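Summary of structural features
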Amino acid sequence: MFDLDLWREIFQSINKNRTRSLLSGFTVAFAILLFTILFGIANGLKNTFKQAFVDDADNAIFIRTGRTTKASKGLQAGRRIQFKNEDFNYVKDEFENDIEYITARLYRNVNASYQGEQNTYDLRAVHPDHQYLEKTIIQEGRYINFNDLQNHSKVVVIGRLVEADLFSKTTAIGKYINLSGIPYKVIGVFADDGGDDEERRLYIPITTAQYLYGNNDYIDEINLTYNQDLNFDQAIALGNSITTKLKNRFGVSVSDQRAIRVWNTAEGTKQIDVMTSSLTVIILVIGLGTLIAGIVGISNIMIFIVKERTKEIGIRKALGASPRSIVSIILIESMIITAIAGYVGLLIGVVVIEIAGPSLEDYFITNPGVDNSLVFGATLTLIIAGAIAGYLPAKKASQIKPIIALRND
Amino acid sequence: MLKISQLHKSYKIGDSSLHVLKGIDLAVEEGEMVAIMGSSGSGKSTLLNIIGMLDEADSGEYILDGLPIKNLTEKKAAVYRNKFLGFIFQSFNLINYKNALENVALPLYYQGMKRKERQELALFHLEKVGLSDWAHHLPKELSGGQKQRVAIARALAANPKLLLADEPTGALDTKTSHEIMAFIQHLNDEGKTILMVTHEEDIANMCKRIVRLRDGVIMEDKKVIQERAEQYV
């Protein structure tokens, strides 16, 4: 039942005892404010870690080659290892079940020009799967497809910034650009979260590059992603297995670190996982600490308030107040103060984070912010803690004889 | 109206216990105005507190308006206090953050009366004590005599059967004391039963009956010729 008079009594008591109300509210608001800011900052740190790895797929394995450093199987050190299409197919067939996407890469540096505008760009000749490995976002047109590979099509997918550089007045799709003397048709424009460098790239079909630049079937690099359902240990094992098999295939010593280099993101991911989970633990400890401090604070204040109001309680009882009405007036008052103060603390915290957030990026804090439900949970915890902390002394006060309460001057 | 027989009360002080009331027998009729006198430690305040249900007796019988007051729950005691009793204290005991009107209306709030009704009634009682102009002042803005008059208005608000006053003039100067006493006498003239604790002879002589306590027993219980307080005002 909604008792308007009870609420009037409570609001009068809050309003007329402002110092007391403000002091107890301040403790709670401060606890929630700290909670919000600390959690926000910690979340920002976490976001930074995560963001550092969103650029590329986080389940990728990169295989590169170099010169041998050790003599092996009768071959001298210093031999250059070169991947060819057959090696690509070997990896693809050998590890078919574990591979999600796979692509070869061939690097070139080209001078691109369109109607007088020109610039130098990195060119990557790739398979269609490359789109998923690099997390390339197609903005317009399409990516390289299987038909392009089959036909050695002279088509190119250009980065957003390449379009901005070369096509200041028109759109790029369908136009022909000149790449070091050979015209290519632009079939797509892409964006990439990895930053400006990533968006100044050109992608063409691997077969086209092999045919045009050297007429061979050389490959610079093989990139793949493993199945998402592989766990960490399986992913590491896959990387090791690829290394072993390729070393064997090329007659490279097992201990040779340079000839065949396999870089497995699983190893990095593992470290990041450890990092973020330890960060989570730190966040939880901090949050819990702030909350406990808040709970202790509100408990102290409640005990103090009840003590301070003992005489008032005595008067009210002498005038006919039931113990229940005494308890409820004290409890509801404390809960209202806690709820309002908690909300104010949350609001201030959110505003502070909102204002300070962008300038914190230099300190590895990205997008700091807190889950609202988390803060509401924290405020609720404080309210309940305040209620429990207030209930016992209020109950006790409501049960003392009015004469003792009245004597308390 | 009120009947007490063989009332005992002792307080624990550390290991020993202090026997404050040692078998009190007292009967008060409706319309009486009784002064309870005694030196400090005689048990007069304890007796008043037990009568006021602010404290409980260890043994003995206490019947108020036909109702035995014994082993009351806090809730029931609260209802009885509200219904039967009005309190006037030496230190006024007004709630300091409520204005005069709100203080007077508080017992009516605990009766469950509607806000508008109880404000009207409270104003009526304030008018009766001559303080309707001060209705919206806080206790700290009132003089001692005014505070006591607000307290009297509050005690009267719930229309109690019995008015209990614990040294009602104890914190006031002589002139103000006489004003307050004149007012209390006036209430008694209207038929209100009044019980007051005092240690001042002249105040006691303004009642109609004096009960003297010493060491927890009634020494003397006599009717006196009431001295009117108006003559001093």
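Heads up: the structure comes first, above all this text.
What follows deals with the overall build of chain A. Within chain A one finds 13 helices and twelve strands. Put simply, chain A has 409 residues, and 49% of those count as buried. Restricting to contacts in chain A with at least 6 residues of sequence separation, those with at least 24 account for 78%.

Of all twelve residues in helix α3 (residues 100-111) of chain B, ten are buried, a share of seventy percent or more. Within the sequence span of α3(B), burial applies to Ala100(B), Leu101(B), Asn103(B), Val104(B), Ala105(B), Leu106(B), Pro107(B), Leu108(B), Tyr109(B) and Tyr110(B). Looking at the buried positions of α3(B), the neighbouring elements they touch are α1 (4-16), α10 (310-318) and α11 (323-356) of chain A together with α2 (74-84), α4 (115-128) and α5 (144-157) of chain B. Gly112(B) sits one or two positions beyond α3(B) and adopts a positive phi of about 85°.

The next subject is the interface of chain A and chain B. On the side of chain B, 26 residues touch chain A, which itself brings 27 residues to the contact. Summing both partners gives a buried area of about 2,400 Å² for chain A against chain B, and 55% of it is carried by carbon and sulfur. Along the contact surface separating chain A from chain B lie two salt bridges. Glu9(A) serves as the salt-bridge partner of Lys98(B), at 2.8 Å between the closest nitrogen and oxygen. Inspection of the region where chain A meets chain B yields eleven residue pairs in polar contact (both at pLDDT 80 or more). Sorting the residues of the side of chain A that touches chain B by element identifies α1, α10, α11, α12 (372-399) and α13 (402-407) of chain A as the ones contributing at least two each. Examining the composition of the side of chain A that touches chain B, we find that seven residues originate from one element, α1(A), more than from any other.

This paragraph deals with unusual backbone geometry. All names here are of chain B. Of note, the phi angle at Asn-71 is positive, near 45°, even though the residue is not glycine. Tracing the backbone through its elements, the reader meets Asn-71 in the loop between β5 (67-68) and α2. Residue Asn-71 is classed as exposed on the basis of its relative accessible area of 64%. Despite not being glycine, Asp-215 shows a phi value in the positive range, around 50°. If you trace the backbone, Asp-215 turns up in the loop between β9 (209-214) and β10 (217-223).

Membership of the largest hydrophobic core comes to 72 residues, with the highest contact counts inside it found for Leu2(B), Ile4(B), Leu47(B), Ile51(B), Leu64(B), Leu162(B) and Leu195(B). Per-element accounting of this core gives the leading share, eight residues, to α11(A). Ignoring sequence-local partners within four residues, the contact set of Leu47(B) consists of Ile4(B), Leu7(B), Leu21(B), Ile24(B), Leu26(B), Ile36(B) and Leu213(B). By size, the runner-up hydrophobic cluster in this structure holds 51 residues, among which are Phe167(A), Ile204(A), Leu224(A) and Ile260(A).

Relative to each other, α1(A) and α3(B) sit at 145°, their axes nearing to 13 Å. Judged by the sense of rotation from one axis to the other, the crossing of α1(A) with α3(B) is left-handed. Where α1(A) approaches α3(B), its residues Asp5(A), Leu6(A), Glu9(A) and Gln12(A) are matched on the opposing element by Glu102(B), Leu106(B) and Tyr109(B).

Time to look at the environment of Asp217(A). All names here are of chain A. With respect to the helices, strands and loops of the structure, Asp-217 is situated in the loop between α7 (206-212) and β10 (218-219). On the accessibility criterion, Asp-217 (27% relative accessible area) is partly exposed. Residues Asp-217 and Phe-83, spaced 134 residues apart in sequence, show a C-alpha to C-alpha distance of 8.5 Å.

On to a nonpolar patch on the surface. Residues and elements named next belong to chain A. Taken together, the side chains of Phe-26, Phe-30, Leu-34, Leu-38, Ile-282 and Ile-286 make up a nonpolar region of the molecular surface, amounting to roughly 510 Å² of accessible area. Contributions of two or more residues to the nonpolar patch are made by α2 (18-51) and α9 (265-308). Of all the elements, α2 adds the most residues to the nonpolar patch, at four residues. Within the secondary structure, Leu-34 sits in helix α2. We classify Leu-34 as partly exposed; its relative accessible area is 35%.

Another point: the pattern of salt bridges. Residues and elements named next belong to chain A. Tallying each qualifying case throughout the model produces 30 salt bridges over all chains. Here Arg-20 makes a salt bridge to Glu-333, at a shortest N to O gap of 3.4 Å. Pair noted here: Arg-20 is in helix α2 and Glu-333 is in helix α11, with a separation of 313 residues, a long-range link. Pair check on accessibility: Arg-20 and Glu-333 agree, each one buried. With a shortest N-O distance of 3.6 Å, Glu-221 and Arg-105 are connected by a salt bridge. Here Arg-105 lies in strand β3 (residues 99-114) and Glu-221 lies in strand β11 (residues 221-226), a separation of 116 residues in the sequence.

The full count for this structure, using the stated rule, is twelve aromatic pairs over all chains. Between Phe87(B) and Phe89(B) the ring centres are 5.7 Å apart and the planes differ by 10°, which places this aromatic pair in the stacked class. This pair shows no difference in class: Phe87(B) is buried, exactly as Phe89(B) is. Its guanidinium or amino end placed over the ring of Tyr90(A), Arg249(A) lies 4.3 Å from that ring's centre, counting from NZ or CZ.

Our next topic: the sheet that holds strand β2 (residues 16-28) of chain B. Residues and elements named next belong to chain B. Reading across the sheet, the four strands line up as β2-β1-β4-β5 and stay open at both edges, with antiparallel pairing between neighbours. The sheet terminates laterally at β2 and β5, the two strands that pair on one side only. Where strand β4 (residues 59-64) meets β5, two bridges bridge the pair, whose relative direction is antiparallel. By the bridge assignment, Leu-64 is partnered in β5 with Leu-67. Against the sheet, helix α1 (residues 44-51) makes contact with β1 (2-13), β2 and β4, and its axis sits at roughly 120° relative to β1, the strand it touches most.

Residues and elements named next belong to chain B. In spatial order, the strands read β6-β7-β8-β3-β9-β10; together these six strands make up an open sheet with mixed pairing. Looking along the sheet, the strands with just one partner apiece sit at the ends: β6 (85-88) and β10. Strand-to-strand, the axes of this sheet are offset by a mean angle of 15°, without reference to chain direction. Note: strand β3 (residues 33-37) against β9, four bridges, orientation parallel. Within β9, the position partnered with Val-34 by the bridge is Arg-209. Relative to β6, α2 is tilted by about 80°, and along the sheet it contacts β6 and β7 (162-166). Contacts between helix α6 (residues 174-189) and the sheet are confined to β3, β7 and β8 (193-197), with β8 contributing the most and set at about 145° to the helix.

All names here are of chain A. Contact pair α9 / α12: the axes reach a minimum separation of 9 Å and the direction vectors enclose 30°. Taken together, the axes of α9 and α12 are roughly parallel relative to one another. In the packing of α9 onto α12, the handedness of the crossing is right-handed. Seen from α9, the contacting residues are Leu-291, Gly-294, Ile-295, Ile-298, Ser-299, Met-302, Ile-303 and Val-306; seen from α12, they are Ala-378, Thr-381, Leu-382, Ala-385, Gly-386, Ala-389, Gly-390, Pro-393, Ala-394 and Ala-397.

How each quantity is defined
Residues numbered from 1 in each chain as written. Chains lettered and ligands numbered in written order. Predicted model: local features only at pLDDT ≥ 70, side-chain atom pairs only at ≥ 80, totals over all residues. Heavy atoms only, no water. Helix = DSSP H or I, 4+ residues; strand = E, 2+ residues; numbered from the N terminus. Buried < 20%, exposed > 50% of the residue type's maximum accessible area, 1.4 Å probe, protein only. Contact = heavy atoms within 4.5 Å. Buried area = accessible area lost by both parts, 1.4 Å probe. Salt bridge = Lys/Arg side-chain N within 4 Å of Asp/Glu carboxyl O. Polar contact = N/O pair within 3.5 Å; in protein donor to acceptor, adjacent residues only side chain to side chain. Core = buried A, V, L, I, M, F, W, Y, C linked by side-chain atoms within 4.5 Å. Axes fitted to C-alpha atoms, helices over the stretch in contact; angles between N-to-C directions. Left-handed = near helix turned anticlockwise from the far one by under 90°. Patch = residues over 30% accessible without salt bridge, like charges linked within 9 Å, V, L, I, M, F, W, Y side chains within 5 Å. Areas by Shrake-Rupley, 256 points an atom, 1.4 Å probe, with all protein chains shown as cover. Phe/Tyr/Trp six-rings, centres within 6.5 Å; stacked < 30°, edge-to-face > 60°. Lys NZ or Arg CZ within 6 Å of the ring centre and 35° of its normal. Pairing = 2+ DSSP bridges. Parallel < 35°, antiparallel > 145°, perpendicular 65-115°, else oblique.

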